[in-house]
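# Analysis of the macromolecular model
Here are the chains, one letter per residue:
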Amino acid sequence: MKAARLYGVEDVRIDDVDEPEPGPGEVLVDVAACGICGSDLHFYEEADDYFDADALPMTLGHEIGGTVVETGEGVDIDVGTDVALGPHTPCGECWCCEEAKYNLCRDLNATSARPGGYAERVVESADNAIPLPDGVSPADAAIAQPVCVGLHAVRQSPLGIGDSVAIVGTGPIGLGALRSAKSAGAGPIYVSEPQAARREIAADFGADVLIDPTEEDPVERIHEETGTGVDVAFEAVGHETTLNQAIESTKADGHTTVIGVFGDEVEIDPQLLVRHQRTVGGSTSHLVGPRLNEEYGVAIRQLASGELDADAYVTSRIDLDDVVEDGFEALQDPERAERKILVCP
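Residues numbered from 1 in each chain as written. Predicted model: local features only at pLDDT ≥ 70, side-chain atom pairs only at ≥ 80, totals over all residues. Heavy atoms only, no water.

Looking now at the overall build of the protein chain. Of regular secondary structure, the protein chain possesses 12 helices and 15 strands. A globule of 345 residues ought to have a C-alpha radius of gyration of about 20 Å, and the protein chain, at 20 Å, matches this closely. Along the three orthogonal principal directions, the C-alpha set of the protein chain runs to about 60 × 40 × 40 Å. Residues classed as buried in the protein chain amount to 54% of the 345 residues present. Restricting the contact set of the protein chain to residue pairs at least 6 apart, pairs at least 24 apart contribute 68%. Summing over all exposed atoms, the protein chain offers an accessible surface of approximately 14,900 Å²; the carbon and sulfur share of this is 43%. Charged side chains of the protein chain number 22 positive and 66 negative; the gap between the two group centres comes to 5 Å. (Helix = DSSP H or I, 4+ residues; strand = E, 2+ residues; numbered from the N terminus. Rg over C-alpha atoms; globule rule 2.2 N^0.38 Å. Buried < 20%, exposed > 50% of the residue type's maximum accessible area, 1.4 Å probe, protein only. Contact = heavy atoms within 4.5 Å. Areas by Shrake-Rupley, 256 points an atom, 1.4 Å probe, with all protein chains shown as cover. Lys, Arg positive; Asp, Glu negative; His and termini not counted. Charge placed at Lys NZ, Arg CZ, Asp CG, Glu CD.)

In structure tokens, the structure reads:
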């Protein structure tokens, strides 16, 4: 079968590889779509910083929807079942797992699908396969994972009904946080986003005030609008500037939840926190393991009801052979205004 494999910095090749075989408790899934995540783009651009040479080549991709075509021993999912796949398998033995904080597992694998989602077929634990209801396509279900990252961030934050919110960056994760904050009764919601196309979709998702940070200072604008700053901010970019903007956009005693993936160390002034009694917290991934369906189930139910429209997230659906030019390179080019690209083997 074909798989896209990462060999080094900006070096992805389409190879013929052996089709994986499901073992006990596993399913073989025909991949309908796999979304290109921001973390995958980091790995593509900075492979040498993330992986030892002996770990390459490898197949990336963890936002997967597909159809079960074979099952291993002990699996009660029928062949032909459309599924969304959770990306991580916790160890079940560390102190985090013992406290049911599975997404914080001390030995959590980065991607449990073999060989990875940018392939025609993958093997995954049956425990990570969530059957889809009628009316939800497995390709659309690939967006469940990034949607749930934003959902989890809102659940991790102290956000309450009526709280004002700033969201810095409205890629797929930021949009997920925006949707969930709106559903939780937050408002007004301020969005800082340099790409016009992303600001437009943020408005469709319920943002009240749209700010272009290349034209005005988002911190000044938010404080002018609110008089105090917002109650809660979400940083969904992964950059020193945007982190500081998110923190400074909050009011005294406000909170910032960090979702962005940072490739480098960054600096903040601790006095921004101490002087104003602000807090900052992180949010990683979403619930996994035995709790996977607590958040995946929300996204899947919303897809089934029509409340969540996959096409509002997805800007392109591409062939596996085009994953470099129309996938990674397209996401690197701001003029192409891509947001979420699904690779459809």
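Turning next to helix H10 (residues 292-305). The terminal C-alpha atoms of H10 lie 20 Å apart, and with 14 residues this matches the ideal 20 Å at 1.5 Å per residue to within 8%. Considered for burial, the residues of H10 that qualify are Leu292, Glu295, Tyr296, Gly297, Ala299, Ile300, Gln302 and Leu303. Close packing links the buried residues of H10 with strand E5 (82-85), strand E7 (129-131), helix H4 (144-156), helix H5 (172-183) and helix H11 (310-313). Of the residues flanking the end of H10, it is Gly306, one or two places downstream, whose phi is positive at about 90 degrees. (Expected span 1.5 Å × (residues − 1).)

Here we take up the environment of Leu108. For Leu108, the position within the fold is in the loop between helix H3 (95-98) and strand E6 (121-125). In this structure the C-alpha to C-alpha distance between Leu108 and Thr89, which are 19 residues apart in sequence, comes to 6.2 Å. When residues no more than four places from it in sequence are discounted, the contact partners of Leu108 are His88, Thr89, Pro90, Tyr102, Asn103 and Val288.

Looking now at the side chain of Glu26. On the secondary structure map, Glu26 appears in strand E3 (residues 26-35). Under the relative-accessibility criterion, Glu26 is labelled buried at 17%. For Glu26, the side chain forms a polar contact with the main-chain nitrogen of Gly23, separated by 2.7 Å. Setting aside residues up to four positions removed in sequence, Glu26 forms contacts with Glu21, Thr71, Gly72, Val75, Arg114, Val123, Glu124, Ser125 and Ala126. (Polar contact = N/O pair within 3.5 Å; in protein donor to acceptor, adjacent residues only side chain to side chain.)

With respect to the helices and strands, Arg275 occurs in the loop between helix H9 (271-274) and strand E13 (279-282). On a C-alpha basis, the gap between Arg275 and Ala304 in space is 47 Å, while along the polypeptide they are 29 residues apart.

Attention now moves to the packing of aromatic side chains. Taken as a whole and judged by the stated rule, the model has 6 aromatic pairs. Between Tyr118 and Phe328, the aromatic rings sit 6.1 Å apart at their centres with planes inclined by 90 degrees, giving edge-to-face as the arrangement. A residue pair is termed long-range when its members are at least 10 positions apart, and Tyr118 in the loop between H3 and E6 and Phe328 in helix H12 (residues 324-332) qualify at 210 residues. The same class applies to Tyr118 as to Phe328, namely buried. Taking the centre distance of 5.3 Å and the plane angle of 70 degrees together, the rings of Phe205 and Tyr313 count as edge-to-face. Here Tyr313 lies in helix H11 and Phe205 lies in the loop between helix H6 (196-204) and strand E10 (209-211), a separation of 108 residues in the sequence. Across the pair, Tyr313 and Phe205 agree in class, each one buried. A network of ring pairs unites the aromatic residues Phe43, Tyr50 and Phe51 as a single cluster. Taking the ring centre of Tyr7 as reference, the NZ or CZ of Arg13 above it sits at 3.8 Å. (Phe/Tyr/Trp six-rings, centres within 6.5 Å; stacked < 30°, edge-to-face > 60°. Lys NZ or Arg CZ within 6 Å of the ring centre and 35° of its normal.)

This next bit is on the sheet that holds E10. Pairing in this open sheet of 6 strands is parallel, and the strands run E10-E9-E8-E11-E12-E13 from one edge to the other. Where the open sheet ends on each side, the last strands, each with one partner, are E10 and E13. When strand polarity is set aside, the average angle formed by the axes of neighbouring strands in this sheet is 20 degrees. Both strand E9 (residues 189-192) and E10 contribute to a ladder of 3 bridges, which runs parallel. Paired with Val191 across the strands is Leu210, a residue of E10. (Pairing = 2+ DSSP bridges. Axes fitted to C-alpha atoms, helices over the stretch in contact; angles between N-to-C directions.)

Across all of its chains, the model carries 1 cavity of 30 Å³ or more by this definition. Quantified by volume, the largest cavity comes out at close to 40 Å³. As for the largest cavity, its lining consists of Ala4, Arg5, Leu6, Val12, Met58, Leu60, Tyr118, Val323 and Phe328. Here the lining of the largest cavity takes 3 residues from strand E1 (residues 2-8), the largest share from any one element. (1 Å grid on protein atoms, 1.4 Å probe; cavity = no way out; pocket = protein on both sides within 12 Å on 5 of 7 lines; lining within 4 Å. Points joined across faces, edges and corners; volume = space filled by probe spheres on them.)

Glancing now at a negative patch on the surface. Together, Glu10, Asp319, Asp322, Glu325 and Glu329 give the surface a local cluster of negative charge. Tracing the backbone through its elements, the reader meets Asp322 in the loop between strand E14 (314-318) and H12. Judged by its relative accessible area of 30%, Asp322 is partly exposed. (Patch = residues over 30% accessible without salt bridge, like charges linked within 9 Å, V, L, I, M, F, W, Y side chains within 5 Å. Salt bridge = Lys/Arg side-chain N within 4 Å of Asp/Glu carboxyl O.)

Looking now at the nonpolar core. Within the largest apolar cluster, 44 residues are counted, with the highest numbers of intra-cluster contacts made by Ile143, Ile167, Leu178, Phe234 and Tyr313. Counting only elements with at least two residues in this core, the list comes to H4, strand E8 (165-168), H5, E9, H6, strand E11 (230-235), H10 and H11. When neighbours within four sequence positions are excluded, Leu178 is seen to be in contact with Ile167, Ile189, Val191, Ala202, Phe205, Gly206 and Ala207. Val29, Leu85, Tyr118 and Ala126 belong to the second-largest nonpolar core, a separate cluster that totals 33 residues. (Core = buried A, V, L, I, M, F, W, Y, C linked by side-chain atoms within 4.5 Å.)

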